[in-house]
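Results of the structural survey
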Amino acid sequence: MTFAQATMIDAPVVSWLGIAPELVLGVGAALVLLIEVQWKPSRTALAWAGGVIVVVAALFAVLLHVRLESGTGIDPLPFAGMIVLDGFGVFARYVLFAVAGLGLLAAGRMVQEIGTRAAEMIALMLLASAGFSLMAISAHLMMTFLGLEIGSISLYVLAGFIRERGNADEAAIKYFLLGSFASAVFVYGAALVFAGTGNFSLRGVHDYLDGVIVLQPGVILLGLALLVAGLTFKVTAAPFHNWAPDVYQGAPAGVVGFMAAIAKVGGFAGLVRILVSAFPELVDDWAPVVAAIAAVSMVVGSVLAIVQEDLRRLLAYSGVAHAGFILTGVLSGGEGTAEVWFYLAIYTVQLVAAFAVVAAVSGPSGSRSPLADYAGLVQRQPFLAATFAVILLGMGGIPLTSGFVAKFGVFSDAWAAGYEWVVIVGVLASVVAFFLYLRVIITMFMDDPADAPAAAPPSIRWVMSLAVIVTLLFGVFPGPLLDLAGRALPL
Amino acid sequence: MLTWLILLPVLGALVVLLVPRRRSEVILPLGTALSVLPLALAGYVFAVFEPVADYQFVERAVWWEPWGISWYLGLDGISMPLVVLTTILVPISLAASASITERRKEFVVYTLILEAATLGVFMALDLFFFFVFFEAVLVPMYFIIGIWGSERRRYAAIKFFLYTAFGSALLLAAIIAMAVLHASQFGSPSFALEDLMNLDFGPTASVLLFCALALAFAIKVPVFPLHTWLPDAHVEAPTAGSVLLAGVMLKLGTYGLMRFNLSLFPQVAVDWVPVLAVLAVIGIIYGAVVAIVQPDLKKLIAYTSVSHLGFIVLGTFALTSGGLQGAVIQNVNHGITTGGLFLLVGMIYDRRHTKQIAEFGGLQKVMPLYAGFFLFMTFASIGLPGLNGFVGEFLVLVGSFTSLPVFAALAAVGVVLAAIYLLWAYERVFTGVPEKEENLALSDLDAREVGVLLPLAVLALVLGLYPKVLLDKIEPSTEALLDHVEASTDYEVPAPGRVADVFLTGGGR
């Protein structure tokens, strides 16, 4: 017996390349903290370091994408099947890293203002991205939970980052308590699914349900319901949306866009992956529930957004409506995954940009952003107002913006899946939503200028320009992005 | 070529955007000059347009294969007149907007984008892009009303937007439903009109889809009782906005009814003729009666639109040669005459800053040229023989008399009422002795204003004396539409209803 044989144990194949993007983000976060302690670099340098780390992570994601497409030298299920490398994860990573990059850009001015804690903030943003990215490539309920918690805990801290302010504590505590509760619900759901199927891995659950006729599926269904409930909290779908307006209002404006967007991408990635790859057999059981959640979210979000006087609360409620719109694409089982991803990619970029405007007008660490501050913005900051108007029209889903293509896609899927009533509710809710976006545009374009300060630093101009390009370019020529999203299918 | 017709205004808008802020005085002349380019192209299209039923200048390119969407443009005799009308009215509106002094650059940009979107609606043969442009029209018009309108502009802009957006929401659902149905019947989704015409909708679905489309278009027209956004939007909009709103945007509705409701759901259309005819006649009479009592000149003209558009709807659903041809040509006539009247009201408003009829009196002594143009446009609108309004209304009335005699008789009352509301308004504004001191100092039209009005007056005269120039190109398409309706239903056009040429020689000349 040779030495080599003697030491051979049945260890899982560790393919570090498979999680290289997440590793880069995690290690990068640690490095940023260490460098800060050791060398006290300028805040601009720190922000650049954060950006470089995201870019490197994105490059690894591209590399993995290329390897996956060519089918060479990549194990699709590394880490003993905890991780899955597929088109779904590829696209999820692109969206997540785009949001992270734009989020860092948008937070540029806040990094300058918060002084010595800049490194912490950047590290937390990187960690949150790593966490939600893990969630998106997870093939195992425990891995999903792990990613969810890494991401969520980073966001809890970010929500209360400006401790000097009264409602920052409120926001952070509220987010933490309710978020932890949602995570607990998710874990309980995972446990029940395990109890019902004997599996934590998504593939295992799927194979079990595929091969066995479950006579009494009560436990499994309850588990699935709890999993869905936990994740709908993260994506701010009704009726689990109540925290969003308070948290968005209390959290520092510089990072709210990032927080809101990245949690939505991660949450939807987890939700769609669980529903589509583990529970396609039960689609007739979960689709009506998801349809109800979608319809309630669209109506509640659009209607409540109208009465808001604070732009952040308005965007929070409109986010509830958007969560509902996105969920309509999930109703067709796996058919609508591409459209869901297209919608998520477009909407989250717009969301980051919208909050970049909030940061520019209300100040990056401010907590109030009354609509009155935006009166006549077109006269004070024409660039900001014009680009924000385009983004609001895109969120409203006006044709020739990518928001319309996105809505059109998910509605078509839902209609084809036989959920005509959800589509009718959806198109009517989007008319209501027009009203609230128009209200903001009216304030910016048709009111007399307020004397509130508004600054548009280059970093925010970049965010706005990129978001406008995404909104208009993919509104007129959505082909390339739809094509990419079309391959974002779970393994 | 048609793609360029859409791109030219967009490129023009980009050029205008590049003009530096301090050179704002060149923006309006530049924008007007740029908007002549699409007019020139449309003029060429009109000149080489063959009087045949097929779609012409067709362009088709796949846009997104899996959803079955293609960039599919084409013109026939129903849409071509509207395209030409749009390209005529935009330069005129821009040239008439000298009174807009604030944020001129934005104004010109919105107007040119509005033109591009409107042209897109009339040319799109793919329902996806039809919807895209149909909805995209709302945004620039919303800004034009909301920024440059008068006191209650915000209310009017929002009301306008939400009314029409509500209609188009159902339109969107209907379009998705048709594409999904196409996928289930033919294996792949499609949004092309000609493909959707092959669908077997079934009795329930076709009624529901017909209603969804009809509601969207009826709000746009507007058909009574969905018209309440119109007076607000017209009255609050700046002059150019009112001209384009009345001149082309209302036609999006009548065009949609004719193009989509009739060709996709002929059986339902035939069944529902009484309902639509009743609403059309109510609109004709109600609009006219309400117009009579308006104290505000602009609101008066706004309500005349409700009445005139009722004629177009009646003509469409009369389902006879004369009715359809009359409806198409009345689309153009209404754009010319109502556009001209709104321009005239804008000119007096610029001078006196009021539109109240009671504020005026005896103006024809002070402003003879203005009074002359006003009277001319009034006659054209009333339908004086020899002017364009007569041709359209006559064709509609004769056409509907063969299939819907009672409705035609009632609609004829609208012609009489039109004479009352417009001539009475003319009498109060222009005749008598000028009493108010402010009115005595009013200056008559200047060269620019005459230049704006003259093309419309010439068009009104040409179309009134020799409508054949347009009707020849319209007729094959309307006949083909009637053939389609007859072929797909058991409806038969009443005997004299197909002898189009009799009306032509009888009317108009």
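What you are looking at is a predicted structure, and each value in this text was computed from that prediction instead of being measured. (Residues numbered from 1 in each chain as written. Chains lettered and ligands numbered in written order. Predicted model: local features only at pLDDT ≥ 70, side-chain atom pairs only at ≥ 80, totals over all residues.)

What about the overall build of chain B?
Put simply, the rule reads: The helix count covers DSSP runs of H or I at least four residues long, the strand count covers runs of E at least two residues long, and both are numbered beginning at the N terminus. Put simply, a residue is buried when 20 or more other C-beta atoms lie within 10 Å of its own C-beta and exposed when 12 or fewer do; between those, it is partly exposed, and each C-beta is set from the backbone. Note on contacts: each residue gets a C-beta atom placed from the backbone, and two residues are in contact if those atoms are within 7 Å.
Looking only at helices and strands, one finds 23 helices and two strands in chain B. Put simply, chain B has 509 residues, and 61% of those count as buried. Taking the intrachain contacts of chain B between residues at least 6 apart in sequence as the baseline, contacts between residues at least 24 apart amount to 79%.

Quick word on the domain arrangement of chain B
Residue and element names in this part refer to chain B. As a reminder, the rule being used: Start and end points for every domain follow an automatic or database-based domain assignment. Just so you know the grouping, Ala, Val, Leu, Ile, Met, Phe, Trp, Tyr, Cys and Pro go in nonpolar, Asp, Glu, Lys and Arg go in charged, and all remaining residues, Gly too, go in polar.
According to the domain assignment, chain B contains domain 1 (1-269) and domain 2 (272-509). On a C-alpha basis, the centres of domain 1 and domain 2 stand 22 Å from each other. Looking at the side of domain 1 that touches domain 2, the elements that each hand over two or more residues are helix 3 (80-95), helix 10 (229-236), helix 11 (239-264) and helix 12 (266-271). The element that contributes the greatest number of residues to the side of domain 1 that touches domain 2 is helix 11, accounting for 13 residues. Across the side of domain 1 that touches domain 2, the residue classes tally to 31 nonpolar, ten polar and two charged.

Description of the interface of chain A and chain B
Taken together, the 24 residues of chain A in the interface contact 26 residues of chain B. When contributions to the side of chain A that touches chain B are tallied by element, the ones reaching two or more residues are helix 19 (402-416), helix 20 (420-446) and helix 22 (479-486) of chain A. Here the element with the most residues in the side of chain A that touches chain B is helix 20 of chain A; it accounts for twelve residues. Looking at the side of chain A that touches chain B, its residues break down into 20 nonpolar, four polar and no charged.

Some details on the packing of helix 13 (residues 273-292) of chain B against helix 19 (residues 405-430) of chain B
Residues and elements named next belong to chain B. Condition: Lines are fitted to the C-alpha atoms to define the axes, a helix being fitted only along its stretch in contact, and any angle between axes, read from their N-to-C directions, falls within 0 to 180 degrees. Throughout this description, any angle smaller than 35 degrees is read as roughly parallel, any larger than 145 degrees as roughly antiparallel, any in the 65 to 115 degree range as roughly perpendicular, and the remainder as oblique. The crossing is said to be left-handed when, going from far helix to near helix, the turn is anticlockwise and less than a right angle, and right-handed when the turn is clockwise.
One can describe the packing of helix 13 onto helix 19 by two numbers: an axis separation of 9 Å at closest approach and a directional angle of 20°. By the angle between their directions, the pair helix 13 and helix 19 is classed as roughly parallel. At the point where helix 13 passes helix 19, the crossing takes the left-handed sense. The residues of helix 19 that touch helix 13, namely those facing Ala277, Val281, Ile284, Ile285, Ala288, Val289, Ala291 and Ile292, are Phe407, Leu410, Ala411, Val413, Gly414, Leu417, Ala418, Ile420, Tyr421 and Trp424. Residues of the contact of helix 13 with helix 19, tallied by class, amount to 17 nonpolar, one polar and no charged.

Quick notes on the pairing of strand 1 (residues 56-64) of chain B
All names here are of chain B. Keep this limit in mind: Pairing between strands requires that DSSP locate at least two bridges from one strand to the other.
Direction of pairing for strand 1 relative to strand 2 (residues 69-75): antiparallel, over a ladder of six bridges. Each residue of the ladder has a partner; that of Val62, found in strand 2, is Ser70. A loop of four residues connects strand 1 with strand 2, the two strands running antiparallel in sequence, and Gly68 in this loop sits at a positive phi of about 70°.

Examining unusual backbone geometry
Cis geometry marks the peptide bond from Ala238 of chain A to Pro239 of chain A, where omega comes out at 5°. Along the chain, the position of Pro239 of chain A falls in the loop between helix 11 (218-234) and helix 12 (243-250). Cis geometry marks the peptide bond from Val221 of chain B to Pro222 of chain B, where omega comes out at -5°. Looking at where Pro222 of chain B falls in the secondary structure, it is placed in the loop between helix 9 (203-220) and helix 10. At Leu400 of chain A, a position not held by glycine, the phi torsion is positive, near 75°.

Thoughts on the nonpolar core
The criterion, for reference: Buried Ala, Val, Leu, Ile, Met, Phe, Trp, Tyr and Cys residues form a nonpolar core when they are connected through C-beta atoms within 7 Å.
Ranked by internal contacts, the top residues of the largest apolar core, which has 409 residues, are Val99 and Val352 of chain A. The element best represented in this core is helix 16 (residues 337-362) of chain A, accounting for 21 residues. Structurally, this core is a two-domain feature, drawing no fewer than three residues from each of domain 1 (1-269) and domain 2 (272-509) of chain B. When neighbours within four sequence positions are excluded, Val99 of chain A is seen to be in contact with Phe258, Ala261, Ile262, Val265, Thr348, Val349 and Val352 of chain A.

Details of the confidence of the model for chain B
Residue and element names in this part refer to chain B. Operational definition: For every residue, the predictor states its confidence as a pLDDT score lying anywhere from 0 to 100.
With 97% of its residues at a pLDDT of 70 or more, chain B has an overall mean of 89. Of all the helices and strands in chain B, helix 23 (residues 500-506) carries the lowest mean pLDDT, 48, while helix 3 carries the highest, 94. In this model, residues 505-509 is a region of pLDDT below 50 whose contacts with residues beyond four sequence positions or in other chains number seven contacts. Reported confidence for the predicted complex is 0.88 by ipTM and 0.91 by pTM.

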